[in-house]
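Report on the structure
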Amino acid sequence: MSLIEITEVKKRFGDNEVLKGINIDVEPGEVIAIIGRSGSGKSTLLRCINGLENIDEGSISVAGAQLLPDELHLKALRLKVGMIFQSFNLFPHLTAGRNVMLSQMVVKKTPRAEAEEMAKKMLERVGLSHKFDAYPDQLSGGQQQRVAIARALAMQPIALLCDEITSALDPELVNEVLAVVKELAAEGMTLMMVTHEMRFAREVCSRVVFMHQGRVHEIGPPEEVFSNPRTAELQQFLGVTH
Amino acid sequence: MNDFTTWDILRNLLLAARWTVLLSVVSFIGGGLVGALLLFLRIGKSRLGQIFVRFYVEIFQGTPLLMQLFLAFFGLGLFGIDVPAWLAAAVALILWSAAFLTEIWRGCVEAVARGQWEASSSLGMGYLQQMRYVILPQALRVAVPPTVGFSVQVVKGTALTSIIGFVELSKAGTMVTNATFEPFTVYGFVALIYFCLCWPLSKSSQILERKLNVAHRNH
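The rules behind the values
Residues numbered from 1 in each chain as written. Chains lettered and ligands numbered in written order. Predicted model: local features only at pLDDT ≥ 70, side-chain atom pairs only at ≥ 80, totals over all residues. Heavy atoms only, no water. Pairing = 2+ DSSP bridges. Helix = DSSP H or I, 4+ residues; strand = E, 2+ residues; numbered from the N terminus. Axes fitted to C-alpha atoms, helices over the stretch in contact; angles between N-to-C directions. Salt bridge = Lys/Arg side-chain N within 4 Å of Asp/Glu carboxyl O. Buried < 20%, exposed > 50% of the residue type's maximum accessible area, 1.4 Å probe, protein only. Core = buried A, V, L, I, M, F, W, Y, C linked by side-chain atoms within 4.5 Å. Contact = heavy atoms within 4.5 Å. Phe/Tyr/Trp six-rings, centres within 6.5 Å; stacked < 30°, edge-to-face > 60°. Lys NZ or Arg CZ within 6 Å of the ring centre and 35° of its normal. Expected span 1.5 Å × (residues − 1). Arc of directions from axis to C-beta. Buried area = accessible area lost by both parts, 1.4 Å probe. Polar contact = N/O pair within 3.5 Å; in protein donor to acceptor, adjacent residues only side chain to side chain.

Bringing the sheet that holds strand E9 (residues 207-212) of chain A into the picture now. Consider a sheet: its strands pair through backbone hydrogen bonds, and that pairing is either parallel or antiparallel. Residue and element names in this part refer to chain A. An order of E6-E7-E8-E3-E9-E10 is seen for the six strands of this open sheet, with the pairing classed as mixed. Edge positions in the open sheet fall to strand E6 (81-84) and strand E10 (215-220), since each of these has one partner strand only. Taking the axes of each pair of neighbouring strands and ignoring which way they run, one obtains an average angle of 20° across the sheet. In this structure, strand E3 (residues 31-36) lies alongside E9, joined through five bridges in parallel fashion. Paired with isoleucine 34 across the bridge in E9 is valine 209.

So, on to the pattern of salt bridges. Following the criterion strictly, the structure yields 15 salt bridges over all chains and no others. A salt bridge links arginine 47 of chain A to glutamate 118 of chain B; the shortest N-O distance between them is 2.6 Å. Here arginine 47 of chain A is found in helix H1 (residues 42-49), whereas its partner glutamate 118 of chain B is found in helix H5 (residues 114-122) on a different chain. Glutamate 118 of chain B matches arginine 47 of chain A in its accessibility class, with the two residues each being buried. A salt bridge links lysine 182 of chain A to glutamate 203 of chain A, with the nearest nitrogen and oxygen atoms 3.1 Å apart. Remark: glutamate 203 of chain A occurs in helix H7 (residues 198-204) and lysine 182 of chain A occurs in helix H6 (residues 171-186); sequence separation between them is 21 residues. The exposure class assigned to lysine 182 of chain A is partly exposed, which follows from its relative accessible area of 40%.

Once that is clear, we can look at the nonpolar core. Residues and elements named next belong to chain A. Membership of the largest hydrophobic core comes to 74 residues, with the highest contact counts inside it found for Ile4, Ile6, Ile34, Leu45, Ile49 and Met192. Excluding anything up to four places from it in sequence, isoleucine 49 contacts Ile4, Ile6, Ile60, Leu67, Leu77, Leu161 and Met192. Counting 53 residues, the second largest nonpolar core, distinct from the first, contains Phe132, Val147, Cys162 and Val225.

Our next topic: the pairing of strand E4 (residues 57-62) of chain A. All names here are of chain A. Judged from the five bridges that link them, strand E1 (residues 4-13) and E4 form a sheet pairing that is antiparallel. Bridge assignment links threonine 7 to a residue of E4, and that residue is serine 59. Inspection of the sheet shows E4 paired to strand E5 (residues 65-66) by two bridges, in the antiparallel sense. Each residue of the ladder has a partner; that of serine 61, found in E5, is glutamine 66. Where E4 folds back on E5, the antiparallel hairpin that results is connected by two residues, among which alanine 63 adopts a positive phi of roughly 50°.

The next thing to look at is the pairing of E1 of chain A. The pairing of E1 of chain A with strand E2 (residues 16-26) of chain A spans eight bridges and is antiparallel. Bridge pairing in E2 of chain A links isoleucine 6 of chain A to isoleucine 24 of chain A.

Below, the discussion takes up the packing of aromatic side chains. Evaluated as defined, the whole model comprises 11 aromatic pairs over all chains. Judged by centre distance (6.4 Å) and plane angle (90°), the rings of tryptophan 19 of chain B and phenylalanine 166 of chain B are edge-to-face. You can see tryptophan 19 of chain B sitting in helix H1 (residues 6-43) and its partner phenylalanine 166 of chain B sitting in the loop between helix H6 (127-157) and helix H7 (169-180), a full 147 residues away along the chain. By relative accessible area, which is 40% here, tryptophan 19 of chain B ends up partly exposed. Phenylalanine 166 of chain B sits in the buried class, given a relative accessible area of 9%. Over the ring of phenylalanine 132 of chain A we find lysine 120 of chain A; its NZ or CZ atom is 5.7 Å from the centre of that ring. In this arrangement the basic side chain of arginine 151 of chain A is found over the ring face of phenylalanine 91 of chain A, its NZ or CZ atom lying 4.5 Å from the centre.

Residues three or four positions apart in an α-helix share a direction because the helix packs 3.6 residues into each turn. All names here are of chain A. In this model, H6 (16 residues) spans 23 Å end to end at C-alpha, consistent with the 22 Å of a helix rising 1.5 Å per residue. Among all positions of H6, only Leu173, Val174, Val177, Leu178, Val180, Val181, Leu184 and Ala185 are buried. Angular distribution of buried residues about the axis of H6 spans 155°; they occupy a single face of the element. Structural note: H6 exposes Glu172, Asn175 and Ala186 on the side pointing more than 90 degrees away from its buried face. Against E3, helix H4 (112-125), helix H5 (141-153), strand E7 (159-163), strand E8 (190-194) and H7 lie the buried residues of H6. Just downstream of H6, glycine 188 is the residue with a positive phi angle, here 95°.

Let us now look at the interface of chain B and chain A. At the junction of the two partners, chain B supplies 23 residues and chain A supplies 25 residues. Buried surface at the junction of chain B and chain A, both sides included, amounts to about 2000 Å², of which 59% is carbon and sulfur. Taken together, chain B and chain A are joined by two salt bridges. On the surface where chain B and chain A come into contact, there are seven residue pairs in polar contact (both at pLDDT 80 or more). Going through the elements one at a time, H5, H6 and helix H8 (183-218) of chain B are the ones with two or more residues in the side of chain B that touches chain A.

Scope: geometric values only; no functional claims are made or implied.
This is the structure:
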């Protein structure tokens, strides 16, 4: 059984059908890169998997549990699937350490000492143990994004969704974030990431999904997708970005 | 024939000013409590609650405070309930303050970036947890300066209660004028006392705004 099963998912915003029947199965430990032009529905798809958007048709299941749009099911789902955003979305009124501790204590009711220990461990994992007491606005973009990753990891998810997590970063900060993601991938974390980092996708990902106009246009291992694009749209897309 | 010294005038006005202060404090705190209640209805999930609060706010912001005072004072009288002026004044001012504070605070809650909701959702927090740990702490910081600023409006609003016969600073001014026939001196003092009450409030609102902004940038 696949870890994440996306079946015939459709999503409309008003009259605009953004997802027109998406089918993807993700196996445990897979790293999936989702590429495509802006407006192709990549971010919407990720947001649907985390329940930030409701789907209109089809089904999504994670580790065998169906995604249903009520608070109880959503919470259960979100404990399994973490999400990292383009704009970091750290809580600005809390220190890095408290950012990582908060949801553990509030959602999982982890005792404070235990949550703090976990926070230290996770910040260390992303190379920021010395920034435990720093507020988000005292950190660089790359550091903030790494705290966001630590925050998601502290909930011990079985999969992580990354929504263009390096797109808001200065070029010199991109690598420190990608290095963390690469490490996670090496440790066997299941990842689905919307990305524009083609070299990274080629190096790290097990499969690449090319989305075009709300559909999965091509899907396959990176060597195949990047070296041997079958459709004109993907050829054009790669030609533009390379 | 004028037996009143300036000190007599000022002393009487200051004694009455105590009631202005008391009424302001009661209205502001009462309005804050009612306003907080309305805020939770307004940003809560119940559609009915939202509509009720919107309607409430429209009514109180769309009619003069003086009419609200009249309605509180004379309206309940129609039902045979004898409303003392102080009660009508307090009730009207509390409800009026609540309407404005709710709107101010709603703006502050909505000023918190959408990403904060999404991030806390994605971490599995429920609505109340998001509110308590993520949204309100940030909204509170934004809310302090305009809230303190609004208290100035409350102090000045209490002047209107003189018309329904509540003896506060303005009413006392009229009464003292009637006795002394020195309207310019008396109302000059009245204005001065109002200014002494209001200026520290608006000044502290400015200072708080600067401080909290700086704090927000650098912590």
